[in-house]
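Residue-level structure breakdown
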There are 2 protein chains.
Amino acid sequence: MKGKLYRMVSTLRSTTSATDNPGSQSALRKLNEQRIVETLMAGPATQAELSRQTGLSTATVSNIVKVLHDAGVVATEPTTSSGRRALSVRLNSNSAVAVGIDFGRRHLRVVLANLAYEVLAEENITLPLGHEADVSISAAVDLLDSLLEDAGVRRADIVGVGAGIPGPIDHRTGTVAQGAILPEWVGFHLLAHLEERLGLPVFVDNDANLGALSEVTWGPHSGVENLVFVKIGSGIGAGLILNGLLFYGQVGVTGEIGHATIVEHGAVCRCGNRGCLETVASTTTMSELLSRGQPEPLTPDEIVRRALAGHPAVLRVIDDAGLAVGRALGNVANLINPEVIVIGGPLADLGEILLEPIRRGLLRHAVPLIGETTSVTMSALGARAEVLGAAALVFQNADIAHR
Amino acid sequence: MKGKLYRMVSTLRSTTSATDNPGSQSALRKLNEQRIVETLMAGPATQAELSRQTGLSTATVSNIVKVLHDAGVVATEPTTSSGRRALSVRLNSNSAVAVGIDFGRRHLRVVLANLAYEVLAEENITLPLGHEADVSISAAVDLLDSLLEDAGVRRADIVGVGAGIPGPIDHRTGTVAQGAILPEWVGFHLLAHLEERLGLPVFVDNDANLGALSEVTWGPHSGVENLVFVKIGSGIGAGLILNGLLFYGQVGVTGEIGHATIVEHGAVCRCGNRGCLETVASTTTMSELLSRGQPEPLTPDEIVRRALAGHPAVLRVIDDAGLAVGRALGNVANLINPEVIVIGGPLADLGEILLEPIRRGLLRHAVPLIGETTSVTMSALGARAEVLGAAALVFQNADIAHR
């Protein structure tokens with residue numbers, strides 16, 4: 001019967017979690033609450049205004065406001081509207097705090113954000129390459145404790161923890177799947193370990209998915225229904241917002257554009273195939289191409305610095321990589337016809353130097369109508385995209401009024 | 001505000017039409033009606049059972065049953081259930097008839113179907129290659145009249161007409177976009193012309209989209225949430241069911257996998273690019289490869305016949321084409337991780353001869369987890385997939401209780 005059930009979904013900022021029955025009363029209630037909260041983000045409103053703006057009945061609005069008030073999420077005060085008595089409702093933003101964690105190959109970022117999508121505290125640290133998952137988790141637990149203290153946030157106000165990792169997550173098992181940029185983490189049940197260590201509800205997702213979510217919540221693309229976020233780093237992956245929601249496909253592994261075949265008999269890829277996009281356009285490949293005879297491989301930051309200084313070989317390598325990414329994105333656009341493609345990752349500061357060849361590759365390989373109507377832009381969120389997306393994931397999935 | 005509005009969608013068999021405000025009362029009412037109708041397809045039920053099975057309140061069910069009864073869509077009769085008086089409701093299947101039309105390069109198919117997804121009448125005719133849109137439309141109008149008479153269906157029972165064409169439709173203008181296999185139709189406003197000639201509500205879609213819809217309604221893949229339907233013919237295109245719904249992207253042009261670059265500097269494609277999948281795997285290309293020195297090019301039927309008879313050159317050409325299609329589908333699966341890929345079009349009778357190289361190409365080019373979990377199968381609906389999908393499009397979009 002599952003496939004036949006109806007589902008209420010919002011176009012933005014609300015997915016029902018995988019464990020909820022999508023047609024259930026509790027899912028519906030949660031969505032209606034999110035609707036009210038989202039409307040209040042624009043500023044205080046009376047109950048009558050909330051009803052008009054959300055399309056919910058006045059009785060439903062009044063029930064939800066009562067629940068949110070009891071949970072401390074909103075404050076109310078009597079007022080008058082058109083000469084009648086009314087109840088004004090405003091968001092108590094700091095009453096609900098989301099924690100975002102971005103686990104990287106050699107970094108860890110943690111952020112605290114409130115319901116109004118304001119950052120309350122933020123910190124990032126460097127970790128040794130090839131570290132075990134436990135090292136990261138312990139560091140995250142410590143970092144969270146110190147951020148809570150710095151920001152004066154009570155643990156009781158945390159509604160949940162969102163965590164992103166640079167690798168696919170198999171939704172059938174909840175574990176990190178083969179293909180992760182963190183090979184030490186494959187098979188690891190991040191969600192279970194984090195929940196045990198933190199004693200808080202945890203939501204886990206792939207970093208490119210969180211980048212995509214970030215763009216339509218924190219970023220400038222709020223309201224965009226179909227968006228692709230591409231992370232170009234040591235791996236290349238994409239997150240998809242389709243019909244306003246993060247798209248997970250069948251087993252949760254989507255956006256694997258790093259393994260699109262670009263060169264039929266090209267270099268061997270870590271996935272076991274040959275000539276994948278990652279073998280020609282990842283920062284690792286760029287670094288290898290540019291580091292011959294150098295004592296140390298170039299870091300992504302150094303690639304950016306040299307490109308901005310006009311080094312010809314660096315510019316050429318970036319141009320070739322951009323064209324290849326554009327070619328892969330031409331196929332992506334041909335398939336799902338997004339409105340916007342956002343490029344993120346450690347090369348984001350390159351701006352037009354990287355965007356121009358990507359656009360050129362896209363226009364060359366997409367069918368004309370699609371090439372002309374797809375805009376390609378650089379992420380404005382930089383290295384914070386994933387961690388901010390992790391916090392947004394919490395507000396989308398946690399039950400803020402019943403914790 | 002549009003991007004922020006909430007939308008109620010079903011997982012299957014119900015899209016709100018593009019013109020409806022997705023959060024509106026009328027869209028909600030239509031969806032609830034569809035829920036009741038869908039539940040009744042399994043057989044008669046009491047109002048209490050309908051309420052339990054749909055999750056709708058008894059008051060809502062009772063209102064909808066009344067509306068559907070007044071429209072003649074359901075019949076009711078008093079009964080008892082657990083010793084209490086109850087109202088048994090059953091579908092009056094033939095009270096609502098959908099017309100499906102499949103416009104092809106040289107064929108025209110028309111079907112009449114009832115609410116229980118039973119075919120009442122069906123016919124297909126051959127048209128000259130390169131015919132103008134008007135010729136097809138006139139033929140469709142005549143064919144519909146004769147089918148209605150044959151099947152004894154009253155015009156008043158038609159809830160709408162679904163029409164499929166082998167080409168993309170630009171949703172911003174409602175016209176046939178560049179890239180259609182019917183070049184004479186580009187820029188043509190099929191919907192407006194059909195509505196004028198038929199005096200009935202019309203819904204228009206791309207043929208590959210209708211193939212996909214067909215598989216999850218008429219076909220064996222009912223309940224599949226993420227499915228790709230690939231039509232291999234003179235063109236190659238895909239229709240996508242994502243999260244249970246046909247996916248249209250930004251401007252309505254999706255699934256253009258025929259223009260995935262397979263050979264970097266390959267043959268020139270009608271899209272203006274080089275080495276597209278269509279240049280190596282369409283039936284036109286197969287026919288060209290196999291018809292050197294022949295007086296007439298091989299038809300798709302003849303390709304199938306010779307392959308089944310074991311002609312080595314034909315088998316080799318099909319193998320190469322299948323591998324290329326599989327490679328393109330590897331990229332598709334890496335991106336959207338579907339559960340099932342269904343192959344349709346005039347080569348469907350090839351069965352494993354075509355499926356095997358497609359699967360081989362997919363496994364070679366998809367990341368392992370995705371390759372292993374994606375099933376590839378031949379359409380069981382054959383040449384009827386598109387026309388049946390066109391009829392299904394009507395039941396998804398038409399307002400069956402208010403015409």
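Residues numbered from 1 in each chain as written. Chains lettered and ligands numbered in written order. Predicted model: local features only at pLDDT ≥ 70, side-chain atom pairs only at ≥ 80, totals over all residues. Heavy atoms only, no water.

Things to note about the overall build of chain A
Put simply, the test is: Strands are runs of DSSP state E lasting at least 2 residues, helices are runs of H or I lasting at least 4, and numbering of each runs from the N terminus. Each radius of gyration reported is based on C-alpha atoms, and the globular scaling rule is 2.2 Å times the count of residues to the power 0.38. Three exposure classes are used, based on accessible area relative to the maximum for each residue type with a 1.4 Å probe and protein chains only: buried under 20%, partly exposed in between, and exposed over 50%. In this analysis, two residues are considered to be in contact whenever any of their non-hydrogen atoms come within 4.5 Å of each other. Surface accessibility follows the Shrake-Rupley procedure with a 1.4 Å probe radius. Residue values consider only the protein chains on display as shielding. Here the positive residues are Lys and Arg and the negative ones are Asp and Glu; neither His nor the chain ends is included. Note that the charge is assigned to NZ on lysines, CZ on arginines, CG on aspartates and CD on glutamates.
Secondary structure assignment for chain A yields 13 helices and 16 strands. By the compact-globule yardstick of 22 Å for 403 residues, chain A fits well, its C-alpha radius of gyration being 22 Å. Seen through its C-alpha atoms, chain A measures out along the principal axes to roughly 75 × 50 × 50 Å. Per-residue burial for chain A yields a buried fraction of 60% across its 403 residues. Taking the contacts inside chain A whose residues are at least 6 apart along the sequence as the reference set, 62% of them involve residues at least 24 apart. Here chain A displays about 15600 Å² of accessible surface, and carbon together with sulfur accounts for 51% of that area. Averaging the coordinates of the 32 positive side-chain charges in chain A and doing the same for the 41 negative ones gives two points 5 Å apart.

As for the nonpolar core
To be explicit about the condition: Among buried residues, the Ala, Val, Leu, Ile, Met, Phe, Trp, Tyr and Cys ones that are joined through side-chain atoms within 4.5 Å form a nonpolar core.
The biggest cluster of nonpolar side chains holds 98 residues, and the ones touching the most others in it are Ile336 and Ile343 of chain A together with Ile336 and Ile343 of chain B. Look past the residues within four positions of isoleucine 336 of chain B in its chain and what remains in contact with it is Leu240, Phe247, Gly249, Thr254, Leu335 and Ile336 of chain A together with Val228, Leu240 and Leu242 of chain B.

Observations regarding the sheet that holds strand β13 (residues 236–242) of chain B
Residue and element names in this part refer to chain B. Rule in force here: By the convention used here, strands pair only if DSSP detects at least 2 bridges between them.
Taken in spatial order, the 5 strands of this open sheet run β14-β13-β12-β15-β16, and their pairing is mixed. Of all the strands in the sheet, the pair left with one neighbour each is β14 (245–246) and β16 (375–378). Where β13 lies against β14, 2 bridges are found, and the strand directions are antiparallel. Counted as the bridge partner of leucine 242 is leucine 245 from β14.

Details of the domain arrangement of chain A
All names here are of chain A. As a reminder of what qualifies: Where each domain starts and ends follows an automatic or database-derived domain assignment. What counts as buried area is the accessible surface, traced by a 1.4 Å probe, that two parts surrender upon association, with contributions from both included. Note on definitions: salt bridges are taken to be side-chain nitrogens of Lys or Arg within 4 Å of carboxyl oxygens of Asp or Glu. Here a polar contact means two N or O atoms within 3.5 Å. Within protein one must be a hydrogen donor candidate and the other an acceptor candidate, and residues neighboring in sequence count only if both atoms are side-chain atoms. Residues are sorted three ways: Asp, Glu, Lys and Arg are charged, Ala, Val, Leu, Ile, Met, Phe, Trp, Tyr, Cys and Pro are nonpolar, and all the rest, Gly among them, are polar.
Examined at the domain level, chain A breaks down into domain 1 (2–91), domain 2 (96–213) and domain 3 (222–380). For domain 2 and domain 3, the distance between their C-alpha centres works out to 25 Å. At the junction of the two partners, domain 2 supplies 16 residues and domain 3 supplies 18 residues. Summing both partners gives a buried area of about 1400 Å² for domain 2 against domain 3, and 59% of it is carried by carbon and sulfur. In this assembly, domain 2 and domain 3 are joined by 1 salt bridge. Here domain 2 and domain 3 share 4 residue pairs in polar contact (both at pLDDT 80 or more) between them. Residue assignment for the side of domain 2 that touches domain 3 shows that the elements contributing at least two residues are β9 (169–170) and α6 (207–217). For the side of domain 2 that touches domain 3, the element with the highest residue contribution is α6, accounting for 6 residues. Considering only residue class, the side of domain 2 that touches domain 3 consists of 7 nonpolar, 4 polar and 5 charged.

A short note on the UniProt feature "domain: HTH marR-type" (unreviewed entry) in chain A
Just so we agree on the cut-off: UniProt positions are given in the numbering used here, feature names are shortened, and annotations may be inferred rather than shown by experiment.
Taking the numbering used here, the UniProt-annotated feature "domain: HTH marR-type" (unreviewed entry) corresponds to residues 36–85 of chain A. Taken end to end, residues 36–85 of chain A is 52% helix and 24% strand, and its two terminal C-alpha atoms sit 20 Å from one another.

As for helix α4 (residues 133–151) of chain B
The condition that has to hold: For a helix, the expected span equals 1.5 Å multiplied by the residue count minus one.
For α4 of chain B, which comprises 19 residues, the first-to-last C-alpha distance of 27 Å matches the rise-based estimate of 27 Å (1.5 Å per residue) to within 8%. Positive phi appears at glycine 152 of chain B, one or two residues downstream of α4 of chain B, with a value of about 65 degrees.

Observations concerning the packing of aromatic side chains
All names here are of chain A. Applicable threshold: A pair of Phe, Tyr and Trp rings is counted when the ring centres sit within 6.5 Å of each other, with Trp represented by its six-membered ring. The angle between the planes then sorts it: under 30 degrees is stacked, over 60 is edge-to-face, the rest tilted.
Counting across every chain of the model gives 8 aromatic pairs over all chains. Judged by centre distance (5.7 Å) and plane angle (50 degrees), the ring pair of tyrosine 117 and phenylalanine 395 falls under tilted. Remark: phenylalanine 395 occurs in helix α13 (residues 385–397) and tyrosine 117 occurs in the loop between β6 (107–114) and β7 (119–126); sequence separation between them is 278 residues. Residue tyrosine 117 is classed as buried on the basis of its relative accessible area, which comes to 12%. Through a chain of ring-to-ring contacts, the aromatic side chains of Phe103, Trp185 and Phe188 assemble into a single cluster.

Regarding the environment of isoleucine 181 of chain B
Residues and elements named next belong to chain B. Relative to the helices and strands, isoleucine 181 resides in the loop between β10 (175–176) and α5 (190–198). Judged by relative accessible area, which is 17%, isoleucine 181 ranks as buried. As for isoleucine 181 and glycine 233, which are separated by 52 residues in sequence, their C-alpha atoms are 9.7 Å apart. Among all residues touching isoleucine 181, those that are not within four sequence positions of it are Arg105, Pro166, Ser234, Gly235 and Arg270.

Side note on empty space enclosed by the protein
Rules: Both cavities and pockets are sets of points on a 1 Å grid over the protein atoms alone; in a cavity a 1.4 Å probe fits but cannot get out, in a pocket the set is open with protein on both sides within 12 Å along at least five of seven lines, and lining residues sit with an atom within 4 Å of a point. Grid points are joined across faces, edges and corners, and a volume is the space filled by probe spheres set on the points.
The final tally for this structure, using the stated rule, is 6 cavities of 30 Å³ or more. Here the largest cavity is characterised by a volume of approximately 180 Å³. Along the wall of the largest cavity there are 16 residues; nearest its centre are Ala328, Asn331 and Val332 of chain A together with Asn331 and Val332 of chain B. Within the residue set of the lining of the largest cavity, elements represented by two or more residues are α10 (312–336) of chain A together with α10 (312–336) of chain B.

Things to note about helix α11 (residues 352–365) of chain A
Here α11 of chain A contains 14 residues, and its C-alpha end-to-end distance of 19 Å stays within 8% of the 20 Å for a straight helix at 1.5 Å per residue. Close packing links the buried residues of α11 of chain A with β12 (227–232), α10, β15 (340–344) and β16 (375–378) of chain A.

Section: the pairing of strand β5 (residues 97–103) of chain A
Residues and elements named next belong to chain A. Counting buried positions along β5 yields 7 of 7 residues, so the element is predominantly enclosed. Neither face of β5 is left uncovered, since the one carrying Val97, Val99, Ile101 and Phe103 and the one carrying Ala98, Gly100 and Asp102 both have all their residues buried. Inspection of the sheet shows β5 paired to β6 by 7 bridges, in the antiparallel sense. Paired with isoleucine 101 across the two strands is valine 110, which belongs to β6. Linkage of β5 to β6, two consecutive antiparallel strands, is achieved through a turn of 3 residues. Sheet topology note: the β5/strand β8 (residues 158–165) ladder contains 6 bridges and is parallel. Within the sheet, the bridge partner assigned to alanine 98 lies in β8 and is glycine 160.

Re the sheet that holds β15 of chain A
All names here are of chain A. Counted only if it meets this: Only the stretch in contact is used when a helix axis is fitted, and all axes are lines through C-alpha atoms; the angle between N-to-C directions ranges over 0 to 180 degrees.
One open sheet accounts for 5 strands, arranged β14-β13-β12-β15-β16; its pairing is mixed. Taken across any chain shown, the strands that pair with only one partner, and hence form the sheet edges, are β14 (245–246) and β16. As paired strands, β12 and strand β13 (residues 236–242) are joined by 6 bridges and run antiparallel to one another. Considered in β13, the bridge of valine 230 is made with alanine 238. Running over the sheet, α6 touches β12, β13, β14 and β15 and is turned about 45 degrees from β13.

Description of the environment of valine 376 of chain B
Among the structural elements, valine 376 of chain B can be located in strand β16. If near-sequence neighbours (up to four positions away) are discounted, valine 376 of chain B is found in contact with Ile341, Ile343, Leu355, Ile358, Arg359 and Leu362 of chain B.

Things to note about the confidence of the model for chain A
Put simply, the test is: Within a predicted model, pLDDT stands for the predictor's per-residue confidence, ranging from 0 to 100.
On average, residues of chain A score 88 in pLDDT, and 93% of them reach the 70 mark or higher. Overall, residues 1–23 of chain A carries pLDDT values under 50, and its contacts beyond four positions in sequence, including any with other chains, amount to 82 contacts.

Focus: the packing of helix α6 (residues 207–217) of chain B against helix α13 (residues 385–397) of chain B
Residues and elements named next belong to chain B. Counted only if it meets this: What sets the label is the angle itself: under 35 degrees gives roughly parallel, over 145 gives roughly antiparallel, 65 to 115 gives roughly perpendicular, and the rest give oblique.
Contact geometry for α6 and α13: axes closest at 7 Å, N-to-C directions at 75 degrees. If you check the angle between α6 and α13, you find them roughly perpendicular. Contact with α6, carried on its side by Asp207, Leu210, Gly211, Leu213, Ser214 and Thr217, involves Ala385, Glu386, Leu388, Gly389, Ala390, Ala392, Leu393 and Gln396 of α13 and no other residues of that element. In terms of residue class, the contact of α6 with α13 is made up of 7 nonpolar, 5 polar and 2 charged.

Brief notes about the pattern of salt bridges
On inspection of all chains with the given rule, the structure shows 30 salt bridges over all chains. Between arginine 270 of chain B and glutamate 278 of chain B there is a salt bridge; the shortest N-O distance is 3.0 Å. Put simply, Asp207, Lys231 and Glu386 of chain A are held in one network by salt bridges that share partners.

Things to note about unusual backbone geometry
Even without being glycine, tyrosine 117 of chain A reaches a positive phi, approximately 55 degrees. Positive phi, close to 50 degrees, is recorded for serine 82 of chain B, a residue that is not glycine. Examined against the element boundaries, serine 82 of chain B turns out to sit in the loop between β3 (74–81) and β4 (84–91). You can call serine 82 of chain B exposed: its relative accessible area is 77%.

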